[in-house]
Amino acid sequence: SFLSPYIRTIEPGPANLDSCYLSMTSTITAGISATIGVQLRDSYFNNIPINSGTLLSAVVMSTQSPEPIVPILVGNSFVVLVTKSGLYSLQVYLSGALFNGSSTSFNVINNVADCRSFQILGSGLSTGVASEWNLISVSASDVYGNSAPTLKEQLSIVNAFPLDILKFFPFNFYYSMF
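None of these values were measured; they are calculated from a predicted model.

1. Considering the overall build of the chain
Helix and strand content of the chain: 0 helices and 15 strands. For the chain, buried positions account for 24% of its 178 residues. Contacts spanning at least 24 positions in sequence make up 54% of the contacts within the chain whose residues lie at least 6 apart. For the chain, the exposed area adds up to about 12700 Å²; of that, 57% sits on carbon and sulfur atoms.

Encoded structure:
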């Protein structure tokens, strides 16, 4: 074996805009932080650590929000928190320039329905005729105000007659997007 008295350290070259990339999921949930991985590479695909000498920035835009959202850089990733459901676009800049794959989009879905945000409407709440449809509408929102379908939540409806203790009655839910 050959023993050398010299130790040679090879550092990666400057970041190559065509070799860098992002990694993130295409769907996130409102109110839950999402991580956007950033991998910087030189022209030989050597990984470049993201440190204080790297000028890296990101911005998230959407028609849902007039103000841009600025993700926070934590290590090799950006962390973003979005509360309104909808389609968002992300752009990451390296020293003020977009790099290959630095623009992407993601969808934010509503969080679970919040019990404080249910609204029940309809004539079937106050009047009804036996053997006829007595319609009510149940709508819900998550804690951020996003419309939340009530398919995941369990609802119980009871009917109160003046002379009877709460009697259960059969019912069906029909889901509608309107």
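From this point, the narrative continues.
2. Considerations on the pairing of strand 6 (residues 65-69)
Here 2 bridges tie strand 5 (residues 56-62) to strand 6, and the two strands are oriented antiparallel to one another. Looking across to strand 6, one finds that Ser-62 is bridged to Ser-65. Linking strand 5 to strand 6, which pair antiparallel, is a turn of 2 residues.

3. Details of the packing of aromatic side chains
Summed over the entire model, instances satisfying the criterion amount to 1 aromatic pair. Residues Tyr-88 and Phe-106 carry aromatic rings whose centres are separated by 5.7 Å and whose planes lie at 10° to one another, so their mutual orientation is stacked. With Tyr-88 in strand 9 (residues 86-94) and Phe-106 in strand 10 (residues 97-109), this pair connects stretches of sequence that are 18 residues apart. When its relative accessible area of 0% is taken as the criterion, Phe-106 is described as buried.

4. Looking at the sheet that holds strand 11 (residues 119-121)
To summarise the sheet geometry, strands pair through backbone hydrogen bonds and adopt either a parallel or an antiparallel arrangement. Taken in spatial order, the 3 strands line up as 11-12-13 in an open sheet, and their pairing is antiparallel. Of all the strands in the sheet, just strand 11 and strand 13 (147-148) have a single pairing partner and so form its edges. Pairing analysis gives 2 bridges linking strand 12 (residues 137-141) to strand 13, with the strands arranged antiparallel. Note on strand 13: the bridge partner recorded for Ala-140 is Ala-148.

5. Quick look at the pairing of strand 9
As judged from the 7 bridges shared by strand 5 and strand 9, these two strands associate in the antiparallel manner. Residue pairing in the sheet places Ala-58 in a bridge with Val-92 of strand 9. Alignment of strand 9 against strand 10, held across 8 bridges, turns out to be antiparallel. When the bridges of strand 10 are listed, Gly-86 appears paired with Val-108. Counting the residues that bridge the hairpin from strand 9 to strand 10 gives 2 residues, and of these Ser-95 lies at a positive phi of roughly 50°.

6. Quick word on the sheet that holds strand 5
In space, the 5 strands of this open sheet follow the order 2-10-9-5-6, with mixed pairing throughout. Both outer strands of the open sheet, strand 2 (27-29) and strand 6, are each paired with one neighbouring strand and no more. Neighbouring strand axes in the sheet, compared pairwise and without regard to direction, differ in orientation by 30° on average.

7. So, the side chain of Ser-19
Its place among the elements puts Ser-19 in the segment before strand 1 (21-23). Given the relative accessible area of 7%, Ser-19 is considered buried. Engagement of the side chain of Ser-19 in a polar contact is seen with the backbone oxygen of Asp-42, the distance being 3.2 Å. Setting aside residues no more than four positions away along its own chain, Ser-19 makes contact with Arg-41, Asp-42, Ser-43 and Phe-45.

8. Things to note about a nonpolar patch on the surface
Together, Ile-120, Leu-125 and Ile-136 make up a nonpolar patch on the protein surface, roughly 250 Å² of accessible area in all. With respect to the helices and strands, Leu-125 occurs in the loop between strand 11 and strand 12.

9. Re the confidence of the model for the chain
For the chain, the average pLDDT comes to 79, and 80% of its residues sit at 70 or higher. By mean pLDDT, strand 15 (residues 167-168) is the weakest element of the chain at 50, and strand 2 is the strongest at 94.

Parameters and conventions
- Residues numbered from 1 in each chain as written.
- Predicted model: local features only at pLDDT ≥ 70, side-chain atom pairs only at ≥ 80, totals over all residues.
- Heavy atoms only, no water.
- Helix = DSSP H or I, 4+ residues; strand = E, 2+ residues; numbered from the N terminus.
- Buried < 20%, exposed > 50% of the residue type's maximum accessible area, 1.4 Å probe, protein only.
- Contact = heavy atoms within 4.5 Å.
- Areas by Shrake-Rupley, 256 points an atom, 1.4 Å probe, with all protein chains shown as cover.
- Pairing = 2+ DSSP bridges.
- Phe/Tyr/Trp six-rings, centres within 6.5 Å; stacked < 30°, edge-to-face > 60°.
- Axes fitted to C-alpha atoms, helices over the stretch in contact; angles between N-to-C directions.
- Polar contact = N/O pair within 3.5 Å; in protein donor to acceptor, adjacent residues only side chain to side chain.
- Patch = residues over 30% accessible without salt bridge, like charges linked within 9 Å, V, L, I, M, F, W, Y side chains within 5 Å.
- Salt bridge = Lys/Arg side-chain N within 4 Å of Asp/Glu carboxyl O.
- pLDDT = per-residue confidence, 0-100.

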